[in-house]
Amino acid sequence: MTRLLRNALLTLLVVIALLWLLASQLSWQPEPRESLAVSCRASTAALVPGQVLKVMTWNVQYLAGKRYVFWYDQGRGDDTRPTPEDLAFNLDEVARVIRAEQPDIVLLQELDNNAKASGYQDQLALLRERLVDIYPCAVQAYDWKADFVPDWHIFGSVGRSLATLSRYPIKQAERLQLPVDASNAWQRLLQPQQAIVASYLPLRDGGQLAVLNTRLATFEAGSDIQRQQVQQVTRLLDKLESQGTPWLIGGDFNLLPLGQYRRLPAELRGQYGADSDLHLLWDKYPMIPSNAEASGADRAAWLTHYPNDRNLQGPDRTLDYLFHSPKLQRLGAQVIQQDTLEISDHLPVTARLLLPAQP
């Protein structure tokens with residue numbers, strides 16, 4: 001019996017070692033800073049100091065749409081992946097909205113590339129086919145990548161990315177890794193590796209505009225990872241500001257504005273901290289929507305998140321924002337709620353910003 005137990009324990013240890021080795025081979029280990037390839041299919045004129053720039057940020061939920069409640073959603077459904085028909089329909093819908101709004105720069109989160117959940121599509125390539133006449137330049141980087149995720153809900157590859165489309169030339173771009181909780185190979189397989197895609201657009205006067213795109217981690221009780229990520233974003237923006245570089249950043253920050261925590265039903269507050277770490281940014285830099293907009297009398301117009309939950313009938317919180325350097329002047333902004341509620345669990349945020357003129 002002792003020998004049988006010893007052999008069983010030895011077999012178990014071998015299996016664990018093999019699984020750990022497999023996780024090490026399959027898990028993705030990005031560098032803190034990586035140069036990204038910029039794809040520009042046509043030459044265009046550079047940005048001009050003093051011009052108006054329209055920007056959109058949108059988490060497109062890998063084109064899955066709103067007909068599902070997935071296993072990871074607030075509604076805790078049984079769905080694991082959308083149909084090819086729904087993916088095709090939502091691809092066309094995202095392209096329709098972008099074409100109708102005509103932003104100069106589009107910041108997209110949760111675009112898939114070679115992921116089992118979306119039929120191994122290259123969703124950026126598919127979108128560019130529909131929009132290349134408007135956006136000749138694009139850059140993309142993963143924030144979750146694995147050849148095989150052993151979670152039975154996934155049980156296949158993951159490839160989720162951030163992508164930036166631009167009407168204007170992108171001189172260079174880089175992926176900047178944010179702090180993550182994934183401290184070992186097994187965790188790296190199961191969790192995203194949040195990052196910033198930083199694109200640098202030349203200005204005609206020889207300067208440049210830094211355009212940043214991100215999606216931050218979701219809240220986890222007992223973890224300070226959101227705070228660490230916001231602190232790193234703040235340090236980056238502070239550096240750009242000290243260098244005199246105009247900048248803007250947009251994305252899904254997964255953090256509430258001032259005042260919205262108490263407006264959530266008590267059973268949903270566990271998804272967020274009572275004190276939003278986003279204050280590290282709004283205390284220093286202009287935020288769109290502002291706290292006054294997102295929590296004021298017209299707050300319904302600034303809600304950006306419509307969780308997949310059959311108990312909800314519409315958006316109920318704000319998680320998506322644009323921040324910009326004080327050197328840029330806000331001329332107008334809105335959340336596009338008309339004809340977008342069934343495309344993604346997030347709504348697009350747009351803003352018109354005036355670039356600083358030449359001194």
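Residues numbered from 1 in each chain as written. Predicted model: local features only at pLDDT ≥ 70, side-chain atom pairs only at ≥ 80, totals over all residues. Heavy atoms only, no water.

Novice: Where do I start with the state of the cysteines in this structure?
Specialist: Think of a disulfide as a covalent bridge from one cysteine sulfur atom to another cysteine sulfur atom. Summed over all chains, the structure comprises one disulfide. One disulfide in the model links C40 with C137; its S-S distance is 2.0 Å. Judged by the torsion about the S-S bond (120°), the C40/C137 disulfide is right-handed. Remark: C137 occurs in strand β5 (residues 137-149) and C40 occurs in strand β2 (residues 39-40); sequence separation between them is 97 residues. Residue classification places C40 among the partly exposed residues on the basis of a relative accessible area of 38%. (Disulfide = S-S within 2.5 Å. Helix = DSSP H or I, 4+ residues; strand = E, 2+ residues; numbered from the N terminus. Buried < 20%, exposed > 50% of the residue type's maximum accessible area, 1.4 Å probe, protein only.)

Novice: What am I meant to see in the pairing of strand β4 (residues 105-112) here?
Specialist: If a strand is regular, its side chains alternate between the two faces of the sheet. For β4, the tally of buried residues reaches eight of eight residues, placing the bulk of the element in the interior. Pairing of strand β3 (residues 52-59) with β4, which is carried by five bridges, proceeds in the parallel orientation. Considered in β4, the bridge of N59 is made with Q109. Following the chain from β3 across helix α2 (residues 84-101) to the adjacent parallel β4, one finds a crossover that is right-handed. Sheet topology note: the β4/strand β6 (residues 156-166) ladder contains seven bridges and is antiparallel. (Pairing = 2+ DSSP bridges. Right-handed = clockwise from strand over helix to strand, strands pointing away.)

Novice: It is not clear to me how the packing of α2 against helix α3 (residues 123-131) should be interpreted in this structure. Could you clarify?
Specialist: In helix packing, the relevant descriptors are the interaxial angle and the interaxial distance, both defined with respect to the helix axes. Across the interface, α2 lies against α3 with an axial gap of 10 Å and an inter-helix angle of 50°. Relative to α3, the element α2 lies oblique. Helix-helix and strand crossings are classified by hand; for α2 and α3 the assignment is right-handed. Taken together, the residues of α3 that come into contact with α2 (itself represented by L87, L91, D92, V94, A95, I98 and R99) are Q123, L126, L127, R130 and L131. In terms of residue class, the contact of α2 with α3 is built from eight nonpolar, one polar and three charged. (Axes fitted to C-alpha atoms, helices over the stretch in contact; angles between N-to-C directions. Parallel < 35°, antiparallel > 145°, perpendicular 65-115°, else oblique. Left-handed = near helix turned anticlockwise from the far one by under 90°. Contact = heavy atoms within 4.5 Å. Nonpolar A, V, L, I, M, F, W, Y, C, P; charged D, E, K, R; others polar.)

Novice: Teacher, can you tell me more about the sheet that holds strand β14 (residues 349-354) here?
Specialist: Spatial ordering of the open sheet is given by β2-β5-β6-β4-β3-β14-β13, a layout of seven strands whose pairing is mixed. Each of the sheet's edge strands pairs with one partner strand only, and the pair in question is β2 and β13 (329-335). α2 contacts β3, β4 and β13 of the sheet and is inclined by roughly 165° relative to β3. Packing of α3 onto the sheet brings it into contact with β2, β4, β5 and β6, and relative to β4 it is tilted by some 145°.

Novice: How should the environment of E31 be read in this particular structure?
Specialist: Structurally, E31 can be placed in the loop between α1 (2-26) and β1 (33-36). Of the residues examined, E31 reaches a relative accessible area of 47% and is grouped as partly exposed. With 146 residues separating them along the chain, E31 and Q177 place their C-alpha atoms 7.0 Å apart. Once residues within four sequence positions are removed from consideration, E31 is found in contact with R175 and Q177.

Novice: How should I be thinking about the nonpolar core in this particular structure?
Specialist: Soluble, globular proteins show a tendency: their nonpolar side chains are buried together. Residues L47, L53, V55 and L248 are the most contacted members of the largest nonpolar core, which totals 29 residues. Only β3, β4, β5, β8 (195-202), β9 (208-215) and β14 provide two or more residues apiece to this core. Residue contacts for L47: discarding those within four places in its chain leaves L53, Y168, L201, P202, L203, R204, L209 and L355. (Core = buried A, V, L, I, M, F, W, Y, C linked by side-chain atoms within 4.5 Å.)

Novice: Looking at this structure, I do not really get the packing of aromatic side chains. What am I missing?
Specialist: A ring pair, where both rings are aromatic, is described by two values, the distance of the centres and the angle of the planes. Taken as a whole and judged by the stated rule, the model has nine aromatic pairs. For the pair W71 and Y72, a centre-to-centre distance of 5.3 Å together with 85° between the ring planes defines the contact as edge-to-face. According to the relative accessible area criterion, Y72 is partly exposed, its value standing at 33%. Between F253 and Y321 the ring centres are 5.9 Å apart and the planes differ by 75°, which places this aromatic pair in the edge-to-face class. Note that F253 is positioned in the loop between β10 (247-252) and α6 (279-282) and Y321 in strand β12 (residues 320-324), a separation of 68 residues in sequence. Here F253 matches Y321 in class, with each residue buried. (Phe/Tyr/Trp six-rings, centres within 6.5 Å; stacked < 30°, edge-to-face > 60°.)

Novice: Can you help me understand α2 in this one?
Specialist: For an α-helix, the turn length of 3.6 residues means that residues three or four places apart are oriented alike. With 18 residues, α2 ought to run about 26 Å at 1.5 Å a step, and its terminal C-alpha atoms sit 26 Å apart, in line with that. Looking at α2, one finds that the buried residues are D86, L87, N90, L91, E93, V94, A95, V97, I98 and E101. (Expected span 1.5 Å × (residues − 1).)

Novice: Would you mind going over the pattern of salt bridges with me for this structure?
Specialist: Two side chains bearing opposite charge may form a pair once their charged atoms approach each other closely. Enumeration according to the criterion identifies 17 salt bridges in this entry. Note that E93 is salt-bridged to R96, the shortest N-O span being 3.0 Å. You can see E93 and its partner R96 sitting in helix α2, three residues apart, about one turn around the helix. Here D252 ties to R215 by a salt bridge, and the two come within 3.4 Å at their closest N and O atoms. Highlighted residues: D252 in strand β10 and R215 in strand β9, separated in sequence by 37 residues. Here D252 falls in the buried class, since its relative accessible area comes to 0%. R215 sits in the buried class, given a relative accessible area of 17%. (Salt bridge = Lys/Arg side-chain N within 4 Å of Asp/Glu carboxyl O.)

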